[in-house]
Each structure stands twice: as structure tokens, then as C-alpha cells.
Amino acid sequence: MPEGATLPGRSGIDALFTDCIRRPAEGSTGDLPVIVLLGMRGSGKTWVLEYLKGRCEGSDAIPYVFADCAAQPDNSVWQLSCELADALHAERWPGFGRLNFPRVTLARLAVEHLKLDENLAPAQEALRKKLRAPFVQHVDPVVGLVTNLLSALSIPQWMISAVVWSIRFIAGSNRTVERLYRRGLKWYGVKFGRSANSGLSFLVELNRRYHRDDQRKLAESVLLEAFIDDLKDAFTRRRDFNCAIFLDNCDDSAGTGFLNLLAELRSRDSDPLVVMAASRTRPDLIGLDSSWSLPWEPDQPGKLRVPNPNKTSYTSRHDDRVGTSLASSWYPVHLRDLTGDELRQDYKLRRLYHPDFVYRFAAGHPWSAHRVHKLGASGALANTLSETELLNIPAKFARQEAAEYLLADLPTTFRPTLVQWSAARDIGVAAAALGDGGGDLQSELEKRLWLVPGDPRLHPWLRRILLRELAEDAERWSQVHRRLCDYAAQQGRLIDAAYHELACGELPPVVDHLVKQLGWMDADSWIQEFDAVTDAPSRASGETPVKRHERLVFERGPLDDGPLDQNARVRNILWSLVAARWIWSDQLGDPKVSLKDTIADGYARLADESRAGSARYRREARVYREMRPW
Amino acid sequence: MTEGQAVSPEPDKLPQPGPINPRRPWYRKLGWQIIIVMVVTILTAAVLSWSPWSTVRVTDGSDPLADNLREVQGLILDENKRVISSGRPWVSIAVMLPIRTTDEARNKPEDALRHIQGAYLAQYWSNHPNGDDKFGDNAPLIRILIADTGYEGLEWRDTVAQLGEMAKPDNNERLVAVAGLGLSTDATQQAVNALANKGISMVGSVITATGLAATGLFRVAPTNSDEAAAMVNYLEDTQEWKSASATTPYEAYLVQDRAGDDTYVQDLGNQYRRIFPNDGAHILPQAQGDYNSQKEGAGNAIAAQIATICSFRPRVVFFAGRSDGLRTFLRALSARYCSDTRITVVTGDGANNLNDPTETGPLWVDGANLDVFYTALASPETWQNHSTAVSRDTVHRFGQCTDCFSVLFSEPLDEGDAIMSHDAVLTAITAARNVASQQNPQPTADAIINGLYQINATNPVPGASGWLYFQREGGIPDGVPYNKAVPIMQLHSNGTASQEDLSSRSGTPPAGPEPPR
């Protein structure tokens, strides 16, 4: 499938799945990875699974099942396995037929709703009775039918009685049970018992394991092995495609338990199962953490970096196989945010408008990019609304719905600290300057995949939401930024200090700092520092961006009447430029990018005043000038 | 458009993703199933059309119908092939009778054999009047088809249907008439009716029942009425008959088979009763001995007649039954307690089947004081004893010459079936040739009736059983031979028979073509 045809930013996963589902995959050694999609809430994991499920839905000869582990968080591995078997069995798959699970059925009959006696003989008898039950219930209708038929044929009554007695005898005999379940019993006997005839004894043992908490896992392992072997039976004849299992929210206990047992079985033998799992936290999969590092984690020997969707492929997975045989079962893929191009492509496919505005606002976070569009609707996002009205839509969304969605499962004790941390540029500084509030917040953020590469930083969209919450309390806002500013000053981190001073609305020291830097830095470095400082967050003022800019410039005080020296001119230029860029950099502060020309003018004037780097400043001016208002 | 790039149905919905392995349309998926269904359909149609399980009912000799017919069928097949390959005009005449039958049936396998032999003789000598390989000048040449109506003639429907098709003017089989037809039974009547509905002319060989009639049905055997009259004519010449008076009457008794579907036996009894004078000196009482040969216990019912006969002591017993019943009756009579009184038993041509010396044991014991007479349909003895009653030319072909009956076949002629069949086919051939002309040398079935009407006293058929012609006179039904010769046969206790006399309805049979009147 061509890159980005229907799943922008995720097409590598589609290609990987397609390679795995075909039997045998090109270059395949026969074994299949458990593909684990990792991504924070709203990163589009379920979309990817649904999309791939849709690809199977219209296909011939591909049995598949979709299960959301979070839908029934109390499920056990046993229940999940049974649900998967039931779902696969329920369909008559086009071009494939029905999948049957006789071994799973036998195990379920042997353990569910039945606790067997400790003594073997009565336990076996009770089990036989249980195994007989499914077809004994059909005996009466059969007897009725046979009786009517024979009566209609004028067969003597004694003969009818004999036939009825024979039916009941056959249905009730031990031999019948063993004949009906012969295949399954033999499998349990050979695989786990001492001989082919010991299947029933093993099922008694399985029953005991199932009902003992400390041995439940063993029973689940047996069931999963039965599940896999039943599945293999269906693939003994020529099949062009494997069976697919889509397991959403696999970080729930049933999901991880299922996958860990599967990996254990796969370390011994291959199977025809393509598992595509998704997790919103780091799942507790054996060997995953020790073999793979996420994008914000430093490189470590023996660990591979979890690829993003663009860098996944069946071939590279084989090249990248790592760690123990168990760890090599996993193939994690990190669902990063969409790039601007990817979001544009996605919006085009969905026939939505203004992807650039949305991208600036939600930083490519897939769920938010679509939710904010829904709230705004295409008309509202067009130029028909005033800036104030327009700002209300995403601001309200960020403050309410997005916050609730993204922070839904964060323990409440972490939230106040996290809100404060959002003020910091990276979480290392936040932890050092503000403390962790008594909990291991950093680990919590790592576990929830809420970080982005760099110095580990909070995900920008999540940070914006948290900053909105912090901004609601002006005093707290100033207090937190002041503490961070002081800490930065102590640490000699001048950019950070200027950043937080600007966040507090204090322009003069920031302008002074930048004027000073301009004197000795080259143009590129200065622009970089200027951008870093003016990226500082600001509290919403309720003013339009132009009015706010005018107010901030006015606060500088009236200009002297006489001609200004170059320093004064540069300082005036930078004052306006800092104010404009600070307002502009907050998408909620300048939703229509109306200050882009002010910034461009500032750079142009700066170029006029600069002896060195004027060309670079003019180029920067052009960038802002040509910036498209979305 | 690449895979999956469909336009989404509504905003914010991704288009339905393209399938990994698109489903094939049902008609492509079912490709090989459709081929199988078509092949099976074609095979089924072919097999149904071929119908290997269906029984061959009509054949030109190429399909073996019965083991004992193998030889004569081969002769007919060869002659048929020669006829077709001759390039001369030809027509087909079917010989229809029960062929796939058993010894227990009224129509026995050997009856069928003799019929087919007689038919072949008529065909051969009609095509080769000089008795050599060359075809004669008479047109058209004759092809024989053998048509089987099954056990007791009950399978006649299929046979008649096929014959009906063959008799259509555009059919290559060129069937013009059907001869033979079997015994006088209900099945024969139904088959005759069906053939008549199809406009096919028929010539019955051994049909004697007076009431068995249909449009286009002609026969070469005398009716039961004629047989009864001939027998009474014969009895009238006896001394006992002549000396009878009111005080010493000539008493008769009728034993009657009441088998419902046997037209022959019913008719025979009726005709005896009708012909017998009952004039005070000759008495046939209304009381009669009945039995039903189709029901169990028929033997006991026949034996029970003995007590009545011994108490009544008639001079003559008319037996209106078939040969099996007659055999039982004669054995019962031979053990009667009143054997001191001589009894004469007379019956119809059904007694022919007892005329078999190979049967073990006598028909009655010596001293039974019995005389048994029956009217036959034909007897070879006629050819010696009554030379004017038959055509010498025709008799010749039954003799010892090459391609004559006695050389070709080993079967005896005493029972008369071969002779009667020969005469029936010869009559049909004569009719076909009567309507053939130079302009129309190949008549259709429709025309044959006119050929039959042309057979009269001036132009009789030279039958081996006697001169044959049809003349409506004195209430004689259409298609019945006029005053047909009836041999009076005496049956002996050892199963042999000898001709006692030659009679007819009038008492004197025709003696050859008569000048036009």
C-alpha cells in the first residue's frame, strides 16, 4: 500500500501488518512478532486497530477478532482466551470456513462452574457427567423424534422401547463421552498427562489448578496452549493468510497476561497468529523494558530504540531482534504525534478544513486534532468568527474536555504538582525546582508515555492544557514561574530565567537580556535564543492580539522626542518584537496569526540596525511575512 | 485511485479501508462449481436421453429381446438390412405380442418364438417369391419389426407409443401395420384401441374373441363363435346327435372359466351357449360349472364339477377355459366314479397347448372313457387331408426346401401359432401391396386399411391355415375372416392330437379364389 494512502503517519504499521498476515511473509522465518503499539491517550492506537480490522473485514480467508481489554477490566486471561475463541468460532469466515476449538471447549467444560472432589475416581465421574451434559440435554428431543417415527412405521412397542433404551444407554455411557471428546482427551493425555488415555485425569488436575489461586496461571497456560493448537489444526491445510487478533488496551492485566503466556509458547514453537496489541501505558510485558528504549530515554547498550511508525517493517524487525527469546517476541511501535503534513493529509482524507490552525493548537495530537475540529465545526473555524469568539472554542476545549480525557486516569494526588510542573521547560528542572509533591511523578509520566524526546519534556499539548489550568490562578502562576526563574538564575540558566520572567509578564529584563545577547551572538544563535525565550507561556488576557501588543508596547513608556541612538532604537525594536512573538507563540493568544507582520517588521528593522547578520534577520522576516494565516 | 482512497461518506470519517485480500465475486468463486453443475446437467440429460435402464420394446432384430429368439431375430435383422440396402421401396410391419414372458403366463416364451418364426417366413417369402436370394418384383419390400408388450401384454403402453411414432409419415421406420397382437385379453383390447386411435391397421393372428374389435383391426383366426359353430357342425354329424329325441335327449354341460380379464374364455362359453340348438332333443341347461382360473383354489373348483357331471351324466361337456384348467379337468374326469358313461369333452383352440407329447404322464388314464375334441386355428394335417382348403404355394414354404420352415427351424407346427402368425403378416403384406402403385410404391400406415378392404372372395389371401378373405355378411363383424376353415382335432391321452375333420362356420371352408359375383 502506498505511504499514507489511508492512514497518514501510520502507514508503516499497515505495511508491517500486511506482511505478517500473509503466509508465508516474504523473507519470513516463520515466526511472527507480537506488535505492540505504544502511545499516550489519544495517539490513535484504537484508530489504527480499527483501521486494520476494517482491512480484514472486507477480505477473504482472514479470520480476525478485536477485543478491548479495558472494556472488562476484571477479566482474567482465562476469560479473555475464551472470549477470543468464541468470537473466532462464531463466524463462518469467507474463503476459510469456521474455526473450531475442541480443546478449549473441553478445558472450559472441565473447569467452569465445577469444583471437583479431591479423590480421583469420584472427580473423574463428576467430570464425565459434566462432559456428557451438553449432549444429554438433546437426548429427550431425539428420543421423542425416534419414538414418533417408529410409531408411524407401526414398529412394535417393545422394539421402540428397546431403541429408546439403547439411545439413552449410549448417551449415558462413559465410552460415549470418551468417543465424542476422543481427539481433545488424547491431546491432553499426550501433552500433559502420562499417556494418551490419561486425558481425563489431566482435566481433573486442570480443574484443581484452575480453582487454586496460586496455580491459576498454570491452568491459563494450558488453556492458551489448547487455543493455539486448535488454531494450528485449522492451518494444517494450505492457507494464504494468518489469523489476526487485535487487542486494544493490552496493558490491562488480562491483556498482558495473555501476551506473556503467548510469548512463552512462541519461544517453543511458532503459530499462525498475528497479534496487534495497543497500550496507553508501558505494558508489563516480560523483557520489553530491558530490550527496548522509548524515544525520550537515553541510549543504552543492548537496548533498541522503539521505532516510530515510519521506521517499522517486517524486515527491520528481523534485523532488530533483541534480547532473550521471550523479549524477541515483542515488536513495539511508538505512535508519535502527527506532523503538519500528515495532519494535512489526514484532514484531506476526512474532508476537514484548516489543518494548520488545528496543528498549531493541538501539536499534532490525533485525538485532540479531531475533537477540536468537531467542536469548532468547519464554519466556526472559518473567518466568520471574531478572534475572541474563535479563541473561546479551543480554550474551552483545552480547559474542559481535553483535560478530562488526557488526565482521566491520573491519580488526583499527582495533579496539583503536575500542573505546577507544566510551567517548566523540562521535567528535570521542574522536579528540582518545584519538588515532586511526595510521589514519583516522573515515573508516572514515563509510564503514561506523556513525554517527548529532548531533556525529557512534557508532551506539548498536555503541557498547554495544564498551563491553562495553572493560568486560572494568577498568583499561583506568578509564584511558580518566579520559583523557576530564581532556580534558573541560581543554576546560571539565563534562557530559562528570561523565559520565566517573560511568563510573569516582565518584559524589561527580558528585552535587556536579548539586547545584551545581540551584541555578541551571531544571528542564528540569537534567533534561536529569542525563540526559546519568547516561547514562554502567557496567561490569557481576553484582549485581541493587536490590542495586547499595543498595550505591552505602551507599557514601555513614551519615546523621547529627540533622535535616538542605535542602542535605544534596537531596544525599542526588540521590545515590540518580544511582545509580538510572545503573544504570537501562544496559539490561543493569536489564533489568526495577526501579529506575523509585526514580527516580520521587527526583524526587518533589526536587520537595518545590525551590522552583522542583517541577511539572516531579513530571511527570518520573510518567513513570518509569508506565513499563511490558516 | 490507489487502494482505499475512496471518498469518505461524511466529514471526519475515514474512508472504508481497502481489504487486504479482496473477496472474489460469487460467480468467480463458484467458477468450478458452475462447471461441475453444467457437466453434471449435461451428463444427466445425456443419460436421461439414452435411458439405458429403459426396456427396448421395438426392435428390428438388433436388440436381443429373449434368449430363445436369438436365432430368428438374427435372420430378421439380416433380411431387414438387405431390404434397406436394396434401394427398393420398403415398408415395415411390426409383429407385436408378449415376448418377455414366462412359462406360467398365458403367453408362453415358445408361443412368442413360433410367432416370430412364422412372421419371418412370411417376410422372407414375400420378399423372395422364388425362394432364392433375389428380391421379387413385388413392391414394396417388407421389413419386420419385433414389438414386445411384456409379461401378459401389460407393458403395451410404451410399445404402442413407440409404434405410433414409427407409423408417422415422416418417420424413417416406415411402419404401416401391426400384426400378431397376442391372445384375446383385456390388455390386448387396450393395446388394439390405442393403436386404432393412432390410425394404425392391425391384423390379429390368434385373436378369437368375438367381441374384441376396433377400427382397423382385422384377424386371420376364426372367432369363438365360428369355432363353436364349427364344433357344433361337427357334433351334428355324429350318430348320437342324430339319434337324439325328446325322450332320449342329447344333453350337454358347460364348464366355464370366469376369469374376468380373459375375453377368450368368456366369449367361448357364450358362443357355445348361443350356437347350441336347445331344441328339446338337444339340451344345454342353464346350470353350469364355474371356476376362476385367476384365483387360488381354481383346481379344487374344477374338480368339484365332477360330482355334478356324474349326477347329470351329459353326452358332451363344453369346456370354456384355457389349457391349464382343461388339464386339471381331464385328470379329474379320468378319476370320476361314473366312468361307465362315455363323455365327450369339447373345447376351443386353447387346448393347443396340451398338444405336447414331451409332457410327462398321460392327460387321463386308460379306461377313463373319454373323448376330447377341440377346434384348432390351424393344423398341418389340413395340408394333406384337405388339399383344396389351402394354397399349395403357401404350404410349400413350410416344407423341406431351402429357406423353408422345417429346414430353418426345428419347432413343430402342430400348435398352429407359426402358421397363424405367418398368415397375419402375409395378410398385412398383401394389404400393403394392394395399395402400392407405381406412383406410390411406398404406402403409409393410413392407406393400409384400404388394402385390407381389397381382400375379398375374389382376391383372398392364400393363408397356410386356409383361404382368407373378409366379407360382411350375415352379421359378421368387420375384419373377421369369412367362413374360415376350422380344424376339428382329437386330443389323445398321451398329449398328441390328430385332425378329425375340417369344419367352418358353415361346415364347409372356402376352396380358393372365387370368380367375381
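In what follows, the accompanying structure is described. All values reported here derive from a predicted model rather than from experimental measurement.

1. Points about the overall build of chain A
Tallying secondary structure elements over chain A gives 30 helices and 11 strands in all. Looking at the 630 residues of chain A, the share that counts as buried comes to 55%. Sequence-distant contacts, at least 24 apart, represent 72% of the contacts inside chain A between residues at least 6 apart. When the accessible surface of chain A is split by element, carbon and sulfur atoms take 50% of a total near 27,700 Å².

2. What about the packing of helix H5 (residues 156-166) of chain B against helix H6 (residues 186-197) of chain B?
Residues and elements named next belong to chain B. Orientation of H5 relative to H6, taken along the N-to-C sense of each, is 20 degrees, at an axis distance of 10 Å. Judged on the interaxial angle alone, H6 and H5 are roughly parallel. Seen along the crossing, H5 lies across H6 with a hand that is right-handed. Seen from H5, the contacting residues are Trp156, Arg157, Val160 and Leu163; seen from H6, they are Ala187, Gln190, Ala191, Ala194 and Leu195. Residue classes in the contact of H5 with H6 are distributed as seven nonpolar, one polar and one charged.

3. Let's talk about helix H6 (residues 139-152) of chain A
Residue and element names in this part refer to chain A. The end-to-end C-alpha distance of H6, which contains 14 residues, comes to 20 Å, matching closely the 20 Å that a straight helix rising 1.5 Å per residue would cover. If you check which residues of H6 are buried, you get Val139, Val143 and Leu150. Buried residues of H6 fall within an arc of 40 degrees about the axis and therefore sit on the same side. Those residues of H6 that are exposed and angled more than 90 degrees off the buried face are Pro141, Leu145, Asn148, Leu149 and Ala152. Where H6 terminates, the next one or two residues include Ser154, which has phi positive at roughly 60 degrees.

4. Some thoughts on the nonpolar core
Core analysis: the biggest nonpolar cluster contains 185 residues, and Phe227(A), Trp526(A) and Tyr603(A) have the highest contact counts within it. Sorting elements by how many residues they give to this core places helix H28 (residues 566-585) of chain A first, with 11 residues. In this structure, Phe227(A) is in contact with Ser81(A), Leu84(A), Ala85(A), Leu88(A), Phe101(A), Val104(A), Ile245(A) and Leu273(A), ignoring residues within four places of it in sequence. Core analysis: the second largest hydrophobic core is formed by 67 residues, Ile93(B), Ile142(B), Leu183(B) and Val206(B) among them.

5. So, the pairing of strand S3 (residues 141-148) of chain B
Residues and elements named next belong to chain B. Among the eight residues of S3, eight are classified as buried, and the element is accordingly described as predominantly covered. A two-sided burial pattern is seen for S3, the buried positions comprising Leu141, Arg143, Leu145 and Ala147 on one face and Ile142, Ile144, Ile146 and Asp148 on the other. Pairing analysis gives two bridges linking strand S1 (residues 58-59) to S3, with the strands arranged antiparallel. What sits directly across from Thr59, in S3, is Ile146. Where strand S2 (residues 90-97) lies against S3, eight bridges are found, and the strand directions are parallel. Its bridge partner lying in S3, Val91 is registered against Ile142. The parallel pair S2 and S3 is bridged by helix H4 (residues 109-127), and the resulting crossover is right-handed.

6. Quick word on a positive patch on the surface
Positive charge collects at one region of the surface, where Arg175(A), Arg179(A), Arg182(A) and Lys186(A) lie side by side. Within the secondary structure layout, Arg179(A) lies in helix H8 (residues 174-180).

7. Quick word on helix H20 (residues 427-434) of chain A
All names here are of chain A. Among the residues of H20, Ile427, Val429, Ala430, Ala433 and Leu434 are the ones counted as buried. Burial along H20 is one-sided: seen end-on, the buried residues are contained in an arc of 155 degrees. Contact partners of the buried residues in H20: helix H19 (415-421), helix H21 (441-447), strand S10 (451-452), strand S11 (457-458), helix H23 (474-491) and helix H24 (494-503). Two to three positions downstream of the cap, the backbone nitrogen of Gly428 sits 3.0 Å from a side-chain oxygen, assigning the N-cap of H20 to Asp426. Taken from the residues just after H20, Gly435 is the one with a positive phi, measuring 80 degrees.

8. Comments concerning the pattern of salt bridges
Residue and element names in this part refer to chain A. Evaluated as defined, the whole model comprises 59 salt bridges over all chains. The residue Lys232 makes a salt bridge to Asp269 at a minimum N-O spacing of 2.8 Å. Of this pair, Lys232 sits in helix H11 (residues 216-234) while Asp269 sits in the loop between helix H12 (253-266) and strand S6 (273-279), and the two are 37 residues apart along the sequence. Residue classification places Asp269 among the partly exposed residues on the basis of a relative accessible area of 43%. Of the charged contacts in the structure, one is a salt bridge between Glu506 and Arg482, with a shortest N-O distance of 2.8 Å. Of this pair, Glu506 sits in the loop between H24 and helix H25 (507-520) while Arg482 sits in helix H23, placing them 24 residues apart in sequence. Several salt bridges share partner residues, and in doing so they unite Lys191, Glu225, Asp229, Lys232, Arg268 and Asp269 into one network.

9. What to know about the sheet that holds strand S2 (residues 64-68) of chain A
Residue and element names in this part refer to chain A. The sheet built from five strands is open, its strands ordered S2-S5-S6-S1-S9 with parallel pairing. Each end of this open sheet is capped by a strand with a single partner; those strands are S2 and strand S9 (330-334). Across the sheet, the mean angle separating the axes of adjacent strands is 15 degrees when strand polarity is ignored. Contacts from helix H3 (residues 77-90) reach S2 and strand S5 (243-248) within the one sheet, and its direction differs from that of S2 by about 140 degrees.

10. Structural notes on the sheet that holds strand S4 (residues 175-180) of chain B
Two pairing modes exist for strands in a sheet, parallel and antiparallel, and in both the strands are linked by backbone hydrogen bonds. Residue and element names in this part refer to chain B. The six strands are arranged S1-S3-S2-S4-S5-S6 in an open sheet whose pairing can be described as mixed. At either margin of the open sheet sits one strand with a lone partner, and together these are S1 and strand S6 (217-219). Here H4 sits on the sheet in contact with S2 and S3, set at roughly 170 degrees to S3. Relative to the sheet, H6 contacts S2, S4, strand S5 (201-204) and S6, its axis offset from that of S5 by approximately 150 degrees.

11. Thoughts on the packing of aromatic side chains
Geometry of an aromatic ring pair is reported as the spacing of the ring centres plus the angle between the planes. Residue and element names in this part refer to chain A. Per the counting criterion, the structure on display carries 37 aromatic pairs over all chains. Seen from their ring centres, Trp187 and Phe192 are 5.5 Å apart, and the 80 degrees between their planes marks the pair as edge-to-face. Judged by relative accessible area, which is 10%, Trp187 ranks as buried. Note on Phe192: relative accessible area 26%, which makes it partly exposed.

12. Considering the state of the cysteines
All names here are of chain B. Tallied over the full model, the rule gives two disulfides over all chains. Residue pairing for Cys310: its cysteine sulfur links by disulfide to Cys338, the two sulfurs lying 2.0 Å apart. On the sign convention where negative means left-handed, the S-S torsion of about -75 degrees between Cys310 and Cys338 marks this disulfide as left-handed. Of this pair, Cys310 sits in helix H11 (residues 305-312) while Cys338 sits in the loop between helix H12 (323-334) and strand S11 (343-347), placing them 28 residues apart in sequence. Exposure class is identical for Cys310 and Cys338. Each is buried. Between the sulfur atoms of Cys401 and its disulfide mate Cys404 the distance is 1.5 Å. Judged on exposure class, the residue Cys401 and its partner Cys404 are both buried. Shown here for chain B is a disulfide pattern of 1-2, 3-4, where each number marks a bonded cysteine counted in sequence order.

Thresholds applied
- Residues numbered from 1 in each chain as written.
- Chains lettered and ligands numbered in written order.
- Predicted model: local features only at pLDDT ≥ 70, side-chain atom pairs only at ≥ 80, totals over all residues.
- Heavy atoms only, no water.
- Helix = DSSP H or I, 4+ residues; strand = E, 2+ residues; numbered from the N terminus.
- Buried < 20%, exposed > 50% of the residue type's maximum accessible area, 1.4 Å probe, protein only.
- Contact = heavy atoms within 4.5 Å.
- Areas by Shrake-Rupley, 256 points an atom, 1.4 Å probe, with all protein chains shown as cover.
- Axes fitted to C-alpha atoms, helices over the stretch in contact; angles between N-to-C directions.
- Parallel < 35°, antiparallel > 145°, perpendicular 65-115°, else oblique.
- Left-handed = near helix turned anticlockwise from the far one by under 90°.
- Nonpolar A, V, L, I, M, F, W, Y, C, P; charged D, E, K, R; others polar.
- Expected span 1.5 Å × (residues − 1).
- Arc of directions from axis to C-beta.
- Core = buried A, V, L, I, M, F, W, Y, C linked by side-chain atoms within 4.5 Å.
- Pairing = 2+ DSSP bridges.
- Right-handed = clockwise from strand over helix to strand, strands pointing away.
- Patch = residues over 30% accessible without salt bridge, like charges linked within 9 Å, V, L, I, M, F, W, Y side chains within 5 Å.
- Salt bridge = Lys/Arg side-chain N within 4 Å of Asp/Glu carboxyl O.
- Lys, Arg positive; Asp, Glu negative; His and termini not counted.
- Charge placed at Lys NZ, Arg CZ, Asp CG, Glu CD.
- Polar contact = N/O pair within 3.5 Å; in protein donor to acceptor, adjacent residues only side chain to side chain.
- Phe/Tyr/Trp six-rings, centres within 6.5 Å; stacked < 30°, edge-to-face > 60°.
- Disulfide = S-S within 2.5 Å.

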